[in-house]
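The lines below spell out each chain.
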Amino acid sequence: MSTPMTQDELKTLVGRAALDYVQPGSIVGVGTGSTVDKFIDALGAALQQNPAFIAGAVSSSVRSTERLEKLGVKVMPAESVTALGVYIDGADEINHQGAMIKGGGAALTREKIVADLADKFVCIADESKLVQTLGKFPLPVEVIPMAAAQVIRAFAKLGGVGKVREGCTTDNGNLIVDVTGLQITGADRFESDVNQIPGVVTVGVFARNKAAVCLLGTAQGVKTLTF
Ligand code: 5RP
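These lines cover the structure that appears in this document, whether it is placed above or below. These numbers were taken from a predicted model, which means no experiment stands behind them.

### Here's the deal with the overall build of the protein
- Within the protein, the regular secondary structure consists of six helices and 13 strands.
- Computed over the C-alpha atoms, the radius of gyration of the protein is 17 Å, within 12% of the 17 Å expected from 2.2 N^0.38 for a compact globule of 227 residues.
- Along the first, second and third principal axes, the C-alpha set of the protein runs to 55 × 50 × 30 Å.
- By residue count, 53% of the 227 residues in the protein fall in the buried class.
- Counting only contacts in the protein whose residues sit at least 6 apart along the sequence, the fraction spanning at least 24 positions is 73%.
- Here the protein displays about 10900 Å² of accessible surface, and carbon together with sulfur accounts for 51% of that area.
- Averaging the locations of the 21 positively and 23 negatively charged side chains of the protein gives two centres separated by 3 Å.

Here it is, written out as C-alpha cells:
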C-alpha cells in the first residue's frame, strides 16, 4: 500500500506541472507563497537544462524576487512590461468558478497587479484549497494604516470580523486586515464593493483576475480545472 502524498509533495507536483504553461523564451509572471516556491524550484531545474528556457520574470514580492534572482533569472519591474502570457500563483481558496481568496502571504496587491498584466492566470494549489464558497479562510485586505479601524468597522456592517495582522507590514508599507465570518457569494460584486471602502488598497478576492486554469494537486495526481 502506498502512503498518501503530503501537502508539500502535492505542492511540488503542481509546481512542476505549471512549467507546461510557460512559453519557452517568454517573460513569466510569478506569484508568492510556498506553492510558488515549488514552481520556482522547478524553473531552476528547467533553466539548468536550458538557460534560455525563460527570458525573465515579473515577480509579485520581494520573497519571490530573491528566489528567482538566486537562480540567475532576470527579474523585470512590472512597469517595464506591457503584457505577460502567463501568471503562475497559488491561492488560499479557489472556488468552482475560478475565483480565489489570496493574500495569506501578504503579497496580494502586487499579485493582483502582475496577474492583471497576464493573459492567463494559472493557479497552482493542493486540493485542500478547493471550496464551494469563499470565506472560511480569513479574507486578507491590504489597507492604508490610518484607515485600519475604519475598514474594520465597514466590514462589521457586512457581517465580518476584521483584525489587523500582527507584525505584518506589506512590501508596500501597509497593513493587512484579516476578516473572518464572511461567506462570499457573488465574488465579482463583493470585490467591487470592498474596493469602494476608503483606505482599502486591495481586497484579497480575485474575481476579476480569476484563474483561467487551476492545477490541483490530488491523491490521484494533478487535476486540471479550466474556467
Ligand atoms: C500570498 C498568496 C499565496 O498565493 C497564498 O497565500 C497561498 O500560499 P501557499 O502556496 O503558501 O499556500 O496569496 O499572498
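Here the narrative resumes, following the displayed structure.
### Side note on the site of the ligand
- In the region of the ligand, 17 residues are neighbours, and Ser34, Thr35, Asp92, Gly103 and Lys129 sit closest.
- At 2.8 Å, a backbone N or O of Gly103 approaches an oxygen atom of the ligand.
- One of the backbone nitrogen or oxygen atoms of Gly105 is found 3.2 Å away from an oxygen atom of the ligand.
- Here the ligand has 380 Å² of accessible area as a free molecule, and 91% of this is covered by the chains.
- Considering only residue class, the shell around the ligand consists of three nonpolar, eight polar and six charged.

### As for the packing of aromatic side chains
- Throughout the structure, instances matching the rule amount to one aromatic pair.
- The ring of Phe206 has Lys102 sitting right over it, with the charged end atom 5.6 Å from the ring centre.
- Positioned above the aromatic ring of Phe206 is the side chain of Lys112, whose terminal nitrogen or guanidinium carbon lies 4.9 Å from the ring centre.

### Details of helix α3 (residues 62-70)
- Buried residues of α3: Ser64, Thr65 and Leu68, and no others. Taken down its axis, α3 places every buried residue within 100 degrees of arc, on the same side.
- One or two residues past the end of α3 sits Gly72, with phi positive at roughly 85 degrees.

Analysis parameters
- Residues numbered from 1 in each chain as written.
- Predicted model: local features only at pLDDT ≥ 70, side-chain atom pairs only at ≥ 80, totals over all residues.
- Heavy atoms only, no water.
- Helix = DSSP H or I, 4+ residues; strand = E, 2+ residues; numbered from the N terminus.
- Rg over C-alpha atoms; globule rule 2.2 N^0.38 Å.
- Buried < 20%, exposed > 50% of the residue type's maximum accessible area, 1.4 Å probe, protein only.
- Contact = heavy atoms within 4.5 Å.
- Areas by Shrake-Rupley, 256 points an atom, 1.4 Å probe, with all protein chains shown as cover.
- Lys, Arg positive; Asp, Glu negative; His and termini not counted.
- Charge placed at Lys NZ, Arg CZ, Asp CG, Glu CD.
- Near = heavy atom within 4 Å.
- Polar contact = N/O pair within 3.5 Å; in protein donor to acceptor, adjacent residues only side chain to side chain.
- Nonpolar A, V, L, I, M, F, W, Y, C, P; charged D, E, K, R; others polar.
- Phe/Tyr/Trp six-rings, centres within 6.5 Å; stacked < 30°, edge-to-face > 60°.
- Lys NZ or Arg CZ within 6 Å of the ring centre and 35° of its normal.
- Arc of directions from axis to C-beta.

By themselves, these are just geometric observations and shouldn't be taken as functional.
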